[in-house]
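# Structure at a glance
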Amino acid sequence: MALYDSLRELPLEVESYALERLEQAVSPEFTRVTTVVRLRGRGEDGVGEDVTYAAEDHPPPDGLELSGSFTIDSFSALLEGLELFTREPDQAAYSDYRRWAFECAALDLALRQAGRPLASAVGREPAPVNFVVSMGLGDPPSTEPVRGWLEHYPGLRFKLDPRSSWTEELVSELVELGCVDVFDLKGQYEGTVVDQPPDPRLYRLLVESFPDALIEDPAVTDETRPILEPHAERVTWDAIIHSVDDIQALPWEPRSINIKPSRFGPLKRLFDTYDYCEEQDITAYGGGQFELGSGRGHIQYLASLFHPDSSNDVAPSAYNLPPPRPGLPTSPLEPALEPTGFRWAEN
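Residues numbered from 1 in each chain as written. Predicted model: local features only at pLDDT ≥ 70, side-chain atom pairs only at ≥ 80, totals over all residues. Heavy atoms only, no water.

## As for the packing of helix H5 (residues 168–177) against helix H6 (residues 200–209)
- Relative orientation of the contacting elements H5 and H6 amounts to 25 degrees, with a least axis distance of 11 Å. By the criterion of interaxial angle, the relationship of H5 to H6 is roughly parallel. Here the hand of the crossing between H5 and H6 comes out right-handed. Contact with H5, carried on its side by Glu168, Val171 and Val175, involves Leu205, Leu206 and Ser209 of H6 and no other residues of that element.
- Partitioning the contact of H5 with H6 into residue classes produces four nonpolar, one polar and one charged. (Axes fitted to C-alpha atoms, helices over the stretch in contact; angles between N-to-C directions. Helix = DSSP H or I, 4+ residues; strand = E, 2+ residues; numbered from the N terminus. Parallel < 35°, antiparallel > 145°, perpendicular 65-115°, else oblique. Left-handed = near helix turned anticlockwise from the far one by under 90°. Contact = heavy atoms within 4.5 Å. Nonpolar A, V, L, I, M, F, W, Y, C, P; charged D, E, K, R; others polar.)

If you want it as structure tokens, here you go:
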């Protein structure tokens, strides 16, 4: 049975909903804002988190007509016809992020009303979740952020964001540390603060220095293709993956893929992608969106069910907040599923 078919007919009663704004000051220039969406019905509530990055787009509208008796599938169809923004979002992906929040809340509520956890609904056993810590190395770049975390957690693994300012000396230090699983080249972003233009020198330096690391989201150009093609089996993708169709359109058949659930919007698209990856023997690994609330638990829950042993970028949120400090949960995370619903106990 397709994964989504195990969920689509779950009954859902929605009586009301509420919105809660969350904020985390990251720097003088950036405050992360998200919104927790809470659907209520039959004495239960279900939660999802809208990870739209534009603070001015929070919160979602508060006058949506969501009350009624549904199934998971018919509620998703209702959302398809609603305006979830009060203005045109700056990026098309934001529509998926918001849709994901409402669909998560609906799934959580339906499962809680049914007295079941997601794991049993899809017939999966949760397993401990391997995670990596995702970060940049500053400007000017330095390995000190990595070394700071390793002092407290010597076995920690990393997903790093390379920049054109990286030197051979810095890369040599990282090779010596031996702790990097993934390099996110961010070559598939356009018009964001994290854009990294294609850099043949940087690409060649990384693929040659780290023969086992995944190379995520390169920009494929006439100059970079000859560098990447011999390493196509470890080229992986993230920002452009919103559906099975996007995987099938990639320049090379992937052996691994970064699945950020919020990029998919409707639950059906996400679960169809899990099915496709299993059928095609594609290794999935999870990714986050700097969630501040329940959304972090959702991606840890899904990683526990579908790709627990991968280089999952789903570290507990405290790892996103410098400085490095002791006492945080370590990898692998033990499953922390609540008895019903789609929730992972906070960590």
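From this point, the narrative continues.
## Brief notes about the packing of aromatic side chains
- Scanning the model with the defined rule gives 15 aromatic pairs in all.
- Pairing Tyr53 with Tyr97 gives two aromatic rings, centres 6.4 Å apart and planes at 70 degrees, and the pair type is edge-to-face. Highlighted residues: Tyr53 in the loop between strand S4 (44–50) and strand S5 (68–71) and Tyr97 in helix H2 (residues 93–114), separated in sequence by 44 residues.
- Seen from their ring centres, Phe70 and Phe75 are 5.3 Å apart, and the 75 degrees between their planes marks the pair as edge-to-face. (Phe/Tyr/Trp six-rings, centres within 6.5 Å; stacked < 30°, edge-to-face > 60°.)

## Points about the pattern of salt bridges
- With the rule as written, the count across this model stands at 28 salt bridges.
- Put simply, Lys159 and Asp313 hold a salt bridge, and the shortest N to O gap is 3.8 Å. Placement of the pair is Lys159 in strand S7 (residues 158–160) and Asp313 in the segment after helix H10 (294–306), with a sequence separation of 154 residues. Side by side, Lys159 and Asp313 carry an identical accessibility label, which is buried.
- Among the salt bridges present, the one from Asp272 reaches Lys268, with a minimum N-O distance of 2.6 Å. Within this pair, Asp272 and its partner Lys268 are both found in helix H9 (residues 267–279), separated by four residues, close to a single helical turn.
- Here Asp272 falls in the partly exposed class, since its relative accessible area comes to 25%.
- On the basis of relative accessibility, which here comes to 38%, the residue Lys268 falls in the partly exposed class. (Salt bridge = Lys/Arg side-chain N within 4 Å of Asp/Glu carboxyl O. Buried < 20%, exposed > 50% of the residue type's maximum accessible area, 1.4 Å probe, protein only.)

## Brief notes about unusual backbone geometry
- In this structure, the amide linkage connecting His58 to the following residue, Pro59, adopts the cis form with an omega of -5 degrees.
- With an omega dihedral of 0 degrees, the bond running from Asp139 to Pro140 counts as a cis peptide bond.
- Structurally, Pro140 is set in the loop between strand S6 (133–135) and helix H4 (144–152).
- One non-glycine residue, Lys186, lies in positive phi territory at about 55 degrees.

## A few points about the nonpolar core
- In terms of nonpolar packing, the biggest core is built from 99 residues, with Leu118, Phe158, Leu160, Trp166 and Ile257 touching the most fellow members.
- With 13 residues, H2 is the largest single contributor of residues to this core.
- Residues in contact with Leu160, not counting those within four places in the same chain, are Met135, Leu137, Val146, Trp166, Leu174, Val180, Val182, Phe183 and Asp184. (Core = buried A, V, L, I, M, F, W, Y, C linked by side-chain atoms within 4.5 Å.)

## Some thoughts on the sheet that holds strand S2 (residues 16–27)
- Read across the open sheet, the three strands follow the order S2-S3-S4; overall the sheet is antiparallel. Whereas interior strands pair on both sides, the edge strands pair on one side only; in this sheet they are S2 and S4. For this sheet, the mean angle separating the axes of adjacent strands, direction not counted, is 20 degrees.
- Where strand S3 (residues 30–41) meets S4, seven bridges bridge the pair, whose relative direction is antiparallel. Across the sheet, residue Val37 finds its bridge partner in S4, namely Gly48. (Pairing = 2+ DSSP bridges.)

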